[in-house]
Amino acid sequence: MHEVRSNGGPSARRELDLLFPGLSRALAGRGSGFLLLGAWLSLLALAVYRRPRIAEFISHPTGSGLVALASLVGLLALTWIAGTRAVDPGDPSGAVPASRLRSDRRAAIGIGLLVVLGSAALLAPLLAPFDPDLIDLGAGRLLAPSASHWMGTDELGRDLFSRVLYGARVSLLIGFLAIAIAVTIGTAVGAVAGYAGGWLDALLMRTVDLFLSFPRLVLLITVVALFEPSIPLIVVVLGLTGWMGVSRLVRGQVLSVREREYVQAARAMGYGSGRILRRHVLPNVATPIIVAATLGIGNAILAEAALSYLGLGVQPPTASWGTIIQSGGDRLVDAWWITTFPGLAIVLTVMSFNLVGDGLRDALDPRRGG
Amino acid sequence: MSGPPLLEIRDLRVVFRTVSGDAPAVDGLSIVLEAGEALGLVGESGCGKSVTALSILGLTPRPAGRVVDGSSIRLRGEELLRAGPERMREVRGGEIGIVFQEPMTSLNPVLRVGDQVAEAVRAHLPVGRAALPGRVMELLETVGLPDAEQIARAWPHQLSGGMRQRVLIAIALAGDPDLLIADEATSALDVTVQATILELLDRLRRDRSMALLLITHDLAVAARMTDRIAVMYGGHIVEEGDTRSVLDRPAHPYTAGLLNSIPDPARRGVRLEAIPGSVPGIGSWPGGCTFHPRCSRSFARCEAESPPLLVGPATRAACWLLETDE
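Residues numbered from 1 in each chain as written. Chains lettered and ligands numbered in written order. Predicted model: local features only at pLDDT ≥ 70, side-chain atom pairs only at ≥ 80, totals over all residues.

Helix and strand counts for chain B come out as 12 helices and 13 strands. Radius of gyration (C-alpha) of chain B: 21 Å, near the 20 Å computed for a compact globule of 326 residues. Taking the principal axes of the C-alpha coordinates as reference, chain B spans close to 70 × 50 × 45 Å. Taking all 326 residues of chain B together, the buried fraction comes to 46%. In chain B, the proportion of contacts linking residues at least 24 apart, taken out of those at least 6 apart, comes to 64%. (Helix = DSSP H or I, 4+ residues; strand = E, 2+ residues; numbered from the N terminus. Rg over C-alpha atoms; globule rule 2.2 N^0.38 Å. Buried ≥ 20, exposed ≤ 12 C-beta atoms within 10 Å, placed from the backbone. Contact = placed C-beta atoms within 7 Å.)

In structure tokens:
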């Protein structure tokens, strides 16, 4: 609607942005410019430094190599697009929660950490200095952290930094997928129970109570013990045992939203129940769902680590943070690094998700003035 | 005019379940509305006006509220109380549009205005995707919104109360209804905005030869908008007649009381008369004529027997005075 002209910046600067996205913003003293420029240059440097590996991934394509390549291209494209876009004055109406989130320092730290962690996980095959499964039973065993092995090596001489990087892929993937399942089931059950009411509500909520009355970890152990442990199984089991909280939350919200005037008005317009639920009720309970999902990912990652630590989760040699910690359990004193670094990774990740979740809750809360 | 009237309500009774048994909210209400006619349903809050409106649409508040057997609501002769849920969804918004009191909260806050109007159109008319935006613009222009394109892209919170009420009217009109129910549609608005919205409703009714059921507590609003007025008290009609007659020669003491409680510049300095007491809550309506405890002219018969609608000098009123006077 409005033609936005950047005030005064010479056009040469804008053209330099095409090569160095974010440069004109950085020169204007904006933090986002420095971040974008830094990300762009680091990604380019990584691509140049890992030329041989990229060539290898292209000539001998493997799943994880292709994911890394696609992520590299995708991240470069995202940085470039964000860095060359004209500074957007923003839709004053829509931007309120976004700007509130950005001005929340805790949330900003959380988002930053998650972006770094997520990128590192996606780019693991390009970043990792060694093959995570490369065994060296000679002089390479149980080395303390050093310049060549940043996090040391484990009992089998595998490089821990590489294993933690690869483990991030597994742990984050399990966390995301499990919470996706949990939120989908929880939202469906909670929405139907809250909107329909009556016997259906009672039936669904008693089912929730039933599920909640099992101790989660015991249930997890039992189910996993009945089947062959595998990543899909863990995802499904974590998802199936994590939806009850979401469904209670959603039901409560739906109970309140269904009485709002705009839902009554939708009913008076003759819209069907499904449409009212999808278009008028659920979008208005999205906020607590997003917050619950964000906080839930941290929990799912912890649960995965606990399962793997008990030997019922991800199976060796696949690295997940839980399995790495488990493998270092009996070397806690003489090789502290095996348990410490993946443990730190878990703590950082869960903390980041919690920071972002808290930030989102505050930013999306309409009762807070903006 | 031949054939059944557009809307005919006969002996509508709606009860609410309470701890002390079923309490009537609408108690034997009967009104007839012809096509293209404007009828004012007037009464104080708590007299059953809104429950009546919701019951016409089959939306009696559940599970507490229930329409009693023997009631009848006919739309062009079709009994709505026996219509199935699919049919009622066609009626809602398609044949009967409704505008509620609260413009600030009756729009979904997370959908753009244009999308909400488009949804209403698509729910009731076979308009293709290509023709939809044009139809939405047309509706927004019909309700007098300037710069319809900009309004369509706006979020509800960016509009003023008057603009939102116009959008809600556009949504109610989307299905081209034959009857528009305005349930206190202007009561929450500033007086000046109220006047423009009333003008709009009046113009729309005439342009579209649509019937209007104007539900209001404000006799002055009903006076300027309607052909006929039905005054409601205690869950049923206590006086009914054409608008001029009800205003000039009211037969029921309640109607007279309502008229006397309207401030009149010509009677400056004279103390404003109010009807003593207040509307009894649902479940505590008195026997006999429900108005008798507040009526200055009540006598023995009023306590004992509930009066039917009797033909008075200019109107029909449910008051025993009409028999006594003759």
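So much for the structure itself; the text now carries on.
Averaged over all residues, the pLDDT of chain A equals 84, while 90% of them reach at least 70. Here residues 89–95 of chain A is modelled with pLDDT under 50, and outside its nearest four sequence neighbours on either side it reaches 4 contacts, counting other chains as well. (pLDDT = per-residue confidence, 0-100.)

What follows concerns the nonpolar core. Of all hydrophobic cores here, the largest spans 178 residues; its most connected members are Val281 of chain A together with Val117, Leu140, Ala170, Ile181, Leu213 and Val231 of chain B. For this core, the domains that each give at least three residues are domain 1 (11–88) and domain 2 (160–364) of chain A. With residues up to four places along the chain from it excluded, the contact list for Leu213 of chain B reads Leu33, Leu39, Leu41, Leu179 and Ile181 of chain B. (Core = buried A, V, L, I, M, F, W, Y, C linked by C-beta atoms within 7 Å. Domains from an automatic or database assignment.)

All names here are of chain B. In terms of burial, strand β9 (residues 211–216) is largely enclosed, as 6 of its 6 residues are buried. Where burial is concerned, the two faces of β9 agree: the one with Ala211, Leu213 and Ile215 and the one with Leu212, Leu214 and Thr216 are both buried. Of the strand pairs in this sheet, strand β8 (residues 179–183) and β9 are connected by 5 bridges, and their pairing is parallel. Its bridge partner being in β9, Ile181 is matched across the sheet by Leu213. (Pairing = 2+ DSSP bridges.)

Many descriptions give the size of an interface as the accessible area lost when the pieces come together. Here chain A is described as being made up of domain 1 (11–88) and domain 2 (160–364). Taken over C-alpha atoms, the centre of domain 1 of chain A sits 32 Å from the centre of domain 2 of chain A.

With that settled, the discussion passes to the sheet that holds strand β11 (residues 236–242) of chain B. Residue and element names in this part refer to chain B. Spatial strand order, β7-β8-β9-β3-β10-β11-β13-β12: 8 strands in an open sheet with mixed pairing. Where the open sheet ends on each side, the last strands, each with one partner, are β7 (96–99) and β12 (310–311). Both strand β3 (residues 38–42) and β9 contribute to a ladder of 5 bridges, which runs parallel. Across the sheet, residue Leu41 finds its bridge partner in β9, namely Ile215.

Taken together, the contact pairs 23 residues of chain B with 14 residues of chain A. Taken together, the elements giving at least two residues each to the side of chain B that touches chain A come down to α2 (85–95) and α3 (113–124) of chain B. For the side of chain B that touches chain A, the element with the highest residue contribution is α2 of chain B, accounting for 6 residues. Here the residues of the side of chain B that touches chain A are counted per class, giving 12 nonpolar, 7 polar and 4 charged. (Nonpolar A, V, L, I, M, F, W, Y, C, P; charged D, E, K, R; others polar.)

Between its first and last C-alpha, helix α13 (residues 244–257) of chain A extends 20 Å over 14 residues, near the 20 Å set by a 1.5 Å rise per residue. In this fold, the buried residues of α13 of chain A make contact with α9 (160–196), α10 (198–212), α14 (261–268), α15 (273–281) and α16 (286–309) of chain A. (Expected span 1.5 Å × (residues − 1).)

Bringing unusual backbone geometry into the picture now. All names here are of chain B. One non-glycine residue with positive phi stands out, namely Asp176, at about 55°. Positionally, Asp176 belongs in the loop between α6 (161–173) and β8. You can call Asp176 partly exposed: it has 14 C-beta atoms within 10 Å. Residues other than glycine seldom take positive phi values, yet Glu184 does so here, at roughly 50°. By secondary structure assignment, the location of Glu184 is in the loop between β8 and α7 (191–207).

With that settled, the discussion passes to the confidence of the model for chain B. Per-residue confidence for chain B gives a mean pLDDT of 88; residues scoring 70 or more make up 99%. For this predicted complex, the interface score ipTM comes out at 0.85, while the overall pTM is 0.78.

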